[in-house]
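Descriptive structure summary
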Amino acid sequence: MSNLNKEISMYKDILSDFTLSTIFIGGGTPSSIDTVYIEKTLENVYRTFDIRKLNEVTIEINPGTLNRQKIKSYKDSGINRISLGLQSLNDNILKTIGRIHSSKDFFDSFHMLREEGFHNINVDLMFGLPGQDLPTLENTLIKVIDLDVDHISLYGLIIENGTLIKNWYDRGLLDLPNEDLERLMYHKSLGLLKENNYEHYEVSNFSKAGKECKHNLTYWKVEPYLGVGLNSHSNLFNKRFWNHSKLASYNKLIESHILPVEGEEIIDKNMEIAEYCIMGLRLKSGINKNEYLFRFNEKIDNRYRKIIDKHVHNNLIKENYNSITLTNKGLDLSNLVEVDFMP
Amino acid sequence: MQIKQENIRNFSIIAHIDHGKSTLADRLIENTGMLTTREMQEQVLDSMDLERERGITIKLKSIRLIYKAADGEDYILNLIDTPGHVDFNYEVSRSLAACEGAILVVDATQGVEAQTLANVYLALDQDLEIVPVINKIDLPSARPNEVKKEVEDIIGIDCQDAPLISAKEGLNIDQVLESIVKNVPRPTGDKNAPLKALIFDSYYDSYKGVTCFIRVKEGTIKPGMNIKMMATGKTFEVIEVGINTSRHISTKQLEAGEVGYVTASIKNVTETRVGDTITDVDNPAKEPLPGYKKVLPMVYCGIYPAEGEDFNTVRDALEKLQVNDASLVFEPETSVALGFGFRCGFLGLLHMEIIQERLEREFDLNIITTAPSVIYKIKKNDGEILEIQNPSNLPPTTEVEYMEEPIVNASIMTPTDYVGAIMELCQNKRGAFLNMEYLEETRVVLHYELPLNEVIYDFFDALKSKTRGYASLDYELKGYKRSELLKLDILINGELVDAFSLIVHEEKAYERGRTIAERLVDVIPRHQFAVPIQASVGGKIIARETIRALRKDVLAKCYGGDISRKKKLLEKQKEGKKRMRSIGAVDVPQEAFLSVLKYDEKK
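Residues numbered from 1 in each chain as written. Chains lettered and ligands numbered in written order. Predicted model: local features only at pLDDT ≥ 70, side-chain atom pairs only at ≥ 80, totals over all residues. Heavy atoms only, no water.

As for the overall build of chain A
Stated precisely, the cut-off is as follows: A run of DSSP states H or I qualifies as a helix once it reaches four residues; a run of E qualifies as a strand once it reaches two. Both are numbered from the N-terminal end. Burial classes: relative accessible area under 20% of the type maximum marks a residue as buried, over 50% as exposed, and values in between as partly exposed (1.4 Å probe, protein chains only). Should any heavy atoms of two residues lie within 4.5 Å, those residues are considered in contact. Residue burial considers only the protein chains on display, and all accessible areas are found by Shrake-Rupley using a 1.4 Å probe.
Looking only at helices and strands, one finds 15 helices and 13 strands in chain A. Burial statistics for chain A: of 343 residues in total, 51% are counted as buried. Look at the contacts in chain A between residues 6 or more apart in sequence, and 66% of them connect residues 24 or more apart. Working note: accessible area of chain A is about 16,200 Å², and carbon and sulfur atoms make up 50% of it.

Examining the pattern of salt bridges
Heads up, the rule is: Whenever Lys or Arg places a side-chain nitrogen within 4 Å of a carboxyl oxygen from Asp or Glu, that contact is recorded as a salt bridge.
Applying the stated criterion across every chain, the model contains 55 salt bridges over all chains. Residue lysine 208 of chain A pairs with aspartate 148 of chain A through a salt bridge whose shortest N-O separation is 2.2 Å. Of this pair, lysine 208 of chain A sits in the loop between β7 (205-207) and α9 (214-220) while aspartate 148 of chain A sits in the loop between α6 (134-146) and β5 (151-156); the two residues are 60 residues apart in sequence, bridging distant segments of the chain. One salt bridge in this structure joins lysine 380 of chain B and glutamate 384 of chain B, with 3.5 Å as the shortest N-O distance. The exposure class of lysine 380 of chain B is buried, given its relative accessible area of 13%.

Examining unusual backbone geometry
All names here are of chain B. Despite not being glycine, lysine 136 shows a phi value in the positive range, around 65°. With respect to the element layout, lysine 136 can be found in the loop between β5 (129-135) and α5 (144-155). What makes lysine 136 partly exposed here is its relative accessible area of 21%. Unlike most non-glycine residues, serine 265 shows phi in positive territory, near 55°.

Points about the packing of aromatic side chains
We apply this condition: Whether two aromatic rings pair depends on their centres lying within 6.5 Å, for rings of Phe, Tyr and Trp, where Trp uses its six-membered ring; planes under 30 degrees apart make the pair stacked, over 60 edge-to-face, and the rest tilted. To sit over a ring, a charge needs its Lys NZ or Arg CZ within 6 Å of the ring centre and within 35 degrees of the ring normal.
Counting across every chain of the model gives 20 aromatic pairs over all chains. Centroid distance phenylalanine 18 of chain A to phenylalanine 237 of chain A: 5.7 Å. Interplanar angle 90°. Geometry classified as edge-to-face. Of this pair, phenylalanine 18 of chain A sits in the loop between α1 (3-10) and β1 (22-25) while phenylalanine 237 of chain A sits in the loop between β8 (233-236) and β9 (239-243), and the two are 219 residues apart along the sequence. Residues tyrosine 201 of chain A and tryptophan 220 of chain A carry aromatic rings whose centres are separated by 6.2 Å and whose planes lie at 65° to one another, so their mutual orientation is edge-to-face. Taken together, the residues span a long stretch of sequence, with tyrosine 201 of chain A in strand β6 (residues 199-202) and tryptophan 220 of chain A in helix α9 at a distance of 19 residues. Since its relative accessible area comes to 5%, tyrosine 201 of chain A is described here as buried. Cluster of aromatic residues (ring-pair linked, three or more members): Tyr155, Tyr201, Tyr219, Trp220 and Tyr225 of chain A together with Tyr559 of chain B. When the ring centre of phenylalanine 118 of chain A is taken as reference, the NZ or CZ atom of lysine 75 of chain A above it lies at 4.9 Å. Positioned above the aromatic ring of tyrosine 402 of chain B, the side-chain terminus of arginine 482 of chain B is 4.1 Å from the ring centre.

Details of the interface of chain A and chain B
In many analyses, interface size is given as the accessible surface area lost on bringing the parts together. Our working definition: By buried area we mean how much accessible surface two parts lose on assembly, using a 1.4 Å probe and totalling the loss over both. Three classes are used: nonpolar for Ala, Val, Leu, Ile, Met, Phe, Trp, Tyr, Cys and Pro, charged for Asp, Glu, Lys and Arg, and polar for all others, with Gly counted as polar.
Across the contact, 41 residues belong to chain A and 26 residues belong to chain B. Summing both partners gives a buried area of about 3,100 Å² for chain A against chain B, and 52% of it is carried by carbon and sulfur. Together, Glu179, Asn335 and Met342 of chain A form the three largest contributors to the area buried by chain A at its contact with chain B, with a combined 20%. Taking the shortest distance from any N to any O, the salt bridge between lysine 552 of chain B and glutamate 182 of chain A comes out at 2.8 Å. Mapped by element, the contributors of at least two residues to the side of chain A that touches chain B are β5, α8 (179-195), α9, α11 (269-282), α14 (328-332) and α15 (334-341) of chain A. For the side of chain A that touches chain B, the leading source of residues is α15 of chain A, giving 6 residues. Within the side of chain A that touches chain B, the residues separate by chemical class into 18 nonpolar, 9 polar and 14 charged.

Some thoughts on the sheet that holds strand β4 (residues 121-127) of chain A
Residues and elements named next belong to chain A. Test applied: By this definition, two strands are paired if DSSP reports at least two bridges between them. The axes are straight lines fitted to the C-alpha atoms, using for helices just the contacting stretch, and the angles between their N-to-C directions are given from 0 to 180°.
Spatial ordering of the open sheet is given by β1-β2-β3-β4-β5-β7-β6, a layout of 7 strands whose pairing is mixed. Each of the sheet's edge strands pairs with one partner strand only, and the pair in question is β1 and β6. Strand-to-strand twist in this sheet, taken as the mean axis angle between neighbours without regard to direction, amounts to 25°. Of the strands in this sheet, β1 and β2 (56-61) are in contact with helix α2 (residues 35-48), which crosses β1 at around 155°. Where α6 meets the sheet, its contacts fall on β3 (81-87), β4 and β5, and the angle it forms with β4 comes to roughly 175°.

As for helix α12 (residues 289-296) of chain A
Residues and elements named next belong to chain A. Quick reminder of the rule: Regarding the arc, it is the one traced by the directions from the helix axis to the C-beta atoms.
Among the residues making up α12, those that are buried are Lys289, Tyr292 and Phe296. Each buried residue of α12 lies within a common arc of 55° when the element is viewed along its axis, so the set occupies one face. Close packing links the buried residues of α12 with α11, β11 (287-288), α13 (300-313), β12 (317-319) and β13 (323-326). Looking one or two residues beyond α12, the residue adopting positive phi is asparagine 297, at roughly 60°.

A short note on α5 of chain B
All names here are of chain B. This is how the line gets drawn: Expected span of a helix: the number of residues minus one, times 1.5 Å.
For α5, built from 12 residues, the straight-helix expectation of 16 Å at 1.5 Å per residue is met to within 8% by its first-to-last C-alpha distance of 16 Å. Regarding α5, the residues found buried are Pro144, Val147, Lys148, Glu150, Val151, Ile154 and Ile155. In an axial view of α5, the angular spread of the buried residues amounts to 160°, which keeps them on one side of the axis. Opposite the buried face of α5, by more than 90 degrees, sit the exposed residues Asn145 and Asp153.

Below is the structure:
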């Protein structure tokens, strides 16, 4: 049995009181490995946990790695949601950002998935990419919308330290859209997606009615989840903890029958409340005041009245009868609001 | 142990920075067996964290060592430590005045440096015998013989028998001890004469009150005696006298020639001024010891609690520092921008930075410091004369007949290579050239008259940068001079921020205003809206910059593992906010208030 499966089994007793409602296979390119590993892992999960309420099983797929045999295997393993990492339909851009797939790979993959009966497909897109202008982005969006995909994630490019892109950026090799254009791209996209009946239910996520990603909602509602594998994160028993990111340490611990956890952060009530608000603001539905009251047994005004007023005044958030949500401007500057919710 | 006056040696160690003064002190202490190596923290004399970190000595102290010399006699060696910065020159002169000799440490690889000379002159001013020591001979690049010759040529003292040592390796330390015994003169003074004891340092602790470090010059001091501070006129009853070894050891008395401490239920160090003479109330000395000076602050700045910090906590901390530091003065003041705070006076810029750092480190306070200022004298049309240290208190120009600013006599010691650059700098700082002295072929002292307000602006940094650290600066207040001065105001988002106001010479106003506006654009974070920064003189805008509005501050992806990362980011932002003050709707970071003074390499 693989070490990943050993890790999963180690949680059997620990999580005997929990029921599993969603599974997400992602991080790296799970579609590039032999389907037998996916099958075995899922079988193990089904054996280990209470899956009577399981209703969403997602796998992340790189369009360049898919074939019909894989799709059939996924289907047989109980996977019912697909997340396709497209980023852009412009092949020059795809090359610049180092993707192995082409726009054609994407269309082929998508049609195969539909033919094999997948009715819940997400497409990951990006804006603010090197060489991307507004028409290029809109072109990609329109074509994806025309496919009637069920869900779209649209991320602004973040240049992270230590990446190849950052290196190019520092050397002035990237033709990036300026800040104003980058924001224009985002807001134009919001409009376009809305016109086409995609609900903007989280900062970067859009879905057809009823097709929200239930798994990701767990994160944003600060509900418990377990992550397994290298460098995965979990939120359970008032703790956030994470696994080793080095394979050698991970393997060694598993082989000694020890959970491969590298570190943890205790989430006390103050932090839980802060997380609830910070993550809640990412959602279109916002922070639900009644739910807050019910969950924390106090009114949101106790801690945050001043902050709410301040940011309503700044036009970064809107206060409704039972919710607090980001404004359009707040969507651009959400960190300014969220920082004030930190304990 | 019976103390024979002829077996006492009182001395200091002087050196250029980094030439090994503290290390040598450690070795002397170790070699005389006062402390075992294990007991000894590195560099025991520099006891404050800050001192150790910066490698400079701020508070002076003394320690008594017992040494059995080659002649078979036991000697008492009192090592008196001195602070190492121009801000504390007066204190240095007082601790040197407590000695008969000084060990001059010279680095065998570097030779005579600017501060070596400055310190030698200070010691010679006090008629001390200079005992040269060549250090760091263990280094491969050591050139002891050349350096010896350099000392003889430049300073003019005999180096024939100067010990060649390595303080780091503990090499030839005995030779240093022998040289002290042989070359530092024994103290003189009659133990039966009326008491004259020089205070060279004091500190406060809540248990004993003030402890004064003294050198008895004449007479004897003992517990129960009524003593008088000759300058402040305050009288006290002596509780305890004693000597400093690794700790305080009380003794029956201290006699002429000895160095030690005295406590007398003194509540505040301001009553025991450094340089003052202690005498016996019942049998007073006719004259105090020479050289007492009340040290006056030269530089002022506002200290305010940062966001969320309490005014009273800041006051308590300043009070606690003041009982230990008679040269720190402060009084409450109010700023429109910053609220309630304090106007504080310091000996100089380093003293100011030290106090700021101590408030932050020892008291864990978040404070905002405004730009430093000096005392200006203002003659009003109605004849009234004002002295102001806070630019905000400047009366309207229509009421002012003229203004005067403090001028210092500055001595800049430098290798000749940098003379041109320094002259240009001084010119630029409104300096008036007095003369140039050759110390040797390649080294000179430039004498300038400089306005103090230029010196505290960015002069030090500019000097360091232009001479690659080779030049040193010493200055003393010369007097006041009429000058065309203006108040330069800074407006942030249309609001005048009094904490940024500066008094500047009219010729400098435009340039300074523009520089400050440019700096603020760099230090103030971008906000949701565009923030204009303006510099104005007498209501007229002379410079304008804009901080562009922040367009985007959002994390696009936030799933399982991203949450911890995001929180870290938010925590960092929040921490940053603590060090800000909101001025209107604009968050201004602490550094902004001082950054306006930082030297700009490009100019």
